[in-house]
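Take a look at the letters that make up each chain.
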Amino acid sequence: MQFLFALRSRGVTDERVLHAMEGVDRARFLRGLFASRAYDDVPLPISCGQTISQPSIVGLMTQALEVEPRHKVLEVGTGSGYQAAILSKLARRVYTVDRFRTLVSQAQTVFDALGIANITAMTGDGSHGLPEQAPFDRILLTAAAEDPPGPLLAQLRVGGIMVLPVGQSDTIQNLIRVRRTETGLDYDELSTVRFVPLIEGLGED
Ligand code: SAM
């Protein structure tokens, strides 16, 4: 209850998103002592030197994505799998990609334990997207690109929405939303954020 209140007070007001977040225990995606801090509104360390995002940012990004039950969604940056699990409550199918094999395997273990069957988690460089599964109704990046990656824009369906942080890795970045229309792309800036960078190629772990 306190968790939902904290989310609301930070601007997460979409009832479907709040309901989805209420249904996913963030502690399941954390290890050791960090699990006891699962309901603090802070990013926390996960394996491979990466982080699970702050719940309010997860909520705001999910809300901005305007996911509908028939949608096919691509997430770039599986990390712990927490964001993908929330998306799985809102969408028909979620594809999630991370450059670290270890993270994908750990996330898959949690999805299996929670009985989540509509997520396909894969190791790969998500900046190329998943051409074989395109087009996507929604695309979410949870790592910051300097600009929206061209291959991902190309894999967004007409009427589709992509939400991503853009900017240099060690500065404040902008969370932006891109809508593909019949005639081109519309951009709007949502807030400032701070994410790890989108890195090309596979990780070593
Ligand atoms: N969404 C995650 C969660 O719910 O825990 C948090 C993601 S973390 C902030 C960013 C992730 O992006 C890291 O796990 C990192 O390995 C991944 N990443 C960075 N560059 C990538 C790329 N080119 N392709 C796929 N994943 C990438």
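1. Digging into the overall build of the protein
Counting secondary structure elements, the protein contains six helices and nine strands. Against the globule reference of 17 Å for 205 residues, the protein gives a C-alpha radius of gyration of 16 Å, in line with a compact fold. Its C-alpha atoms put the protein at 50 × 40 × 35 Å along the principal axes. Residues classed as buried in the protein amount to 50% of the 205 residues present. When contacts within the protein are restricted to residue pairs at least 6 apart in sequence, those whose partners lie at least 24 apart make up 53%. Of the roughly 9500 Å² of accessible surface on the protein, a fraction of 50% belongs to carbon and sulfur atoms. Here the protein contributes 20 positively and 24 negatively charged side chains, and the mean placements of these two sets differ by 5 Å.

2. What to know about the layout of surface pockets
Each pocket or cavity is described by its volume, and for the largest pocket that value is around 580 Å³. Together, 35 residues line the largest pocket, and Gln50, Thr51, Thr142, Ala143 and Val196 are the ones closest to its centre. Of all the secondary-structure elements, those providing two or more residues to the lining of the largest pocket are strand S2 (51-52), helix H3 (55-65), strand S3 (72-76), helix H4 (82-90) and strand S4 (93-98). A per-class count over the lining of the largest pocket returns 16 nonpolar, 14 polar and five charged. Put simply, the second largest pocket is a space of about 160 Å³. The element contributing the most residues to the lining of the second largest pocket is helix H5 (residues 101-114), with four residues. Tallied by class, residues from the lining of the second largest pocket come to eight nonpolar, four polar and two charged.

3. So, the site of the ligand
As a matter of local geometry, the ligand sits amid 27 residues, with Ser80, Asp98, Asp125, Gly126 and Ile199 nearest to it. Asp98 is positioned with one of its side-chain polar atoms (N or O) 2.6 Å from an oxygen atom of the ligand. Within the contact set of the ligand, a nitrogen atom lies 2.8 Å away from a backbone nitrogen or oxygen of Gly126. Computed on the free molecule, the ligand has an accessible area of 610 Å², of which 99% lies beneath the protein chains in the complex. For the ligand, the cavity whose grid points lie within 2 Å of the majority of its atoms is the largest pocket. Elements represented by at least two residues in the shell around the ligand include exactly S2, S3, H4 and S4. Each residue belonging to the shell around the ligand can be placed in one class, and the counts come to eleven nonpolar, twelve polar and four charged.

4. Observations regarding unusual backbone geometry
The residue after Ala134, namely Pro135, is reached through a cis peptide bond having omega 5°. For Cys48, which is not glycine, the phi dihedral falls at a positive 60°. Among the structural elements, Cys48 can be located in the loop between strand S1 (44-45) and S2. Among the residues examined, Cys48 registers a relative accessible area of 17% and is labelled buried. A positive phi angle, close to 50°, is found at Glu66, a residue other than glycine. Mapped onto the elements, Glu66 comes out in the loop between H3 and S3.

Cut-off values and rules
Residues numbered from 1 in each chain as written. Predicted model: local features only at pLDDT ≥ 70, side-chain atom pairs only at ≥ 80, totals over all residues. Heavy atoms only, no water. Helix = DSSP H or I, 4+ residues; strand = E, 2+ residues; numbered from the N terminus. Rg over C-alpha atoms; globule rule 2.2 N^0.38 Å. Buried < 20%, exposed > 50% of the residue type's maximum accessible area, 1.4 Å probe, protein only. Contact = heavy atoms within 4.5 Å. Areas by Shrake-Rupley, 256 points an atom, 1.4 Å probe, with all protein chains shown as cover. Lys, Arg positive; Asp, Glu negative; His and termini not counted. Charge placed at Lys NZ, Arg CZ, Asp CG, Glu CD. 1 Å grid on protein atoms, 1.4 Å probe; cavity = no way out; pocket = protein on both sides within 12 Å on 5 of 7 lines; lining within 4 Å. Points joined across faces, edges and corners; volume = space filled by probe spheres on them. Nonpolar A, V, L, I, M, F, W, Y, C, P; charged D, E, K, R; others polar. Near = heavy atom within 4 Å. Polar contact = N/O pair within 3.5 Å; in protein donor to acceptor, adjacent residues only side chain to side chain. Sits in = over half its atoms within 2 Å of the grid points.

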